[in-house]
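# What the coordinates show
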Amino acid sequence: MGFIDDAKETAETAGRKMKDAFDDAADRVGDKVDEAKADANLKKAQAEKDSVEKRNEIKEELRDN
């Protein structure tokens, strides 16, 4: 029975390692998705800021004329 128990333990260990590797990969993908969303939000905010600044410049020019 020792051989079967060893094989079972080895299979369980391999299964746990595979699960851990899958969980790590899933976490990494999730991190990359979060990073991409943050970059998109940053770009959107920067574009909005630039738009407001340009609009304010135009308003200021119109006031001066």
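Here's a quick rundown of the structure.

Each value, and the rule that gives it
Residues numbered from 1 in each chain as written. Predicted model: local features only at pLDDT ≥ 70, side-chain atom pairs only at ≥ 80, totals over all residues. Heavy atoms only, no water. Helix = DSSP H or I, 4+ residues; strand = E, 2+ residues; numbered from the N terminus. Rg over C-alpha atoms; globule rule 2.2 N^0.38 Å. Buried < 20%, exposed > 50% of the residue type's maximum accessible area, 1.4 Å probe, protein only. Areas by Shrake-Rupley, 256 points an atom, 1.4 Å probe, with all protein chains shown as cover. Lys, Arg positive; Asp, Glu negative; His and termini not counted. Charge placed at Lys NZ, Arg CZ, Asp CG, Glu CD. Patch = residues over 30% accessible without salt bridge, like charges linked within 9 Å, V, L, I, M, F, W, Y side chains within 5 Å. Salt bridge = Lys/Arg side-chain N within 4 Å of Asp/Glu carboxyl O.

### Describing the overall build of the chain
- Helix and strand content of the chain: 1 helix and 0 strands.
- In terms of overall dimensions, the chain is more spread out than a globule: its C-alpha atoms have a radius of gyration of 28 Å, far above the 11 Å expected for 65 residues.
- The principal-axis extent of the C-alpha atoms belonging to the chain is close to 95 × 5 × 5 Å.
- Counting the 65 residues in the chain, one finds 0% classified as buried.
- Just so you have it, the chain exposes about 6,200 Å², and 57% of that area is on carbon and sulfur atoms.
- Counting 14 positive and 19 negative side-chain charges, the chain places the centres of these two groups 4 Å from one another.

### Digging into a negative patch on the surface
- On the surface, a cluster of negative charge is made up of Asp20, Asp24, Asp27, Asp31, Asp34, Glu35 and Asp39.
- Relative to the elements of secondary structure, Asp20 occurs in helix α1 (residues 2-64).

### Overview of the pattern of salt bridges
- Per the counting criterion, the structure on display carries 4 salt bridges.
- Across the salt bridge formed by Glu57 and Lys54, the nearest N and O atoms sit 3.8 Å from each other. In this pair, Glu57 and Lys54 are both assigned in helix α1, 3 residues apart and thus about one turn of the helix distant.
- According to the relative accessible area criterion, Lys54 is partly exposed, its value standing at 48%.

### Focus: the environment of Glu53
- When you line up the elements, Glu53 lands in helix α1.
- In the structure, Glu53 is positioned 16 residues away from Lys37 in sequence and 24 Å away in space, judged by C-alpha atoms.

### Overview of the environment of Glu12
- As for its placement among the helices and strands, Glu12 is situated in helix α1.
- Judged by its relative accessible area of 42%, Glu12 is partly exposed.
- Through-space distance from the C-alpha of Glu12 to that of Ala25 is 20 Å; in sequence the pair is 13 residues apart.

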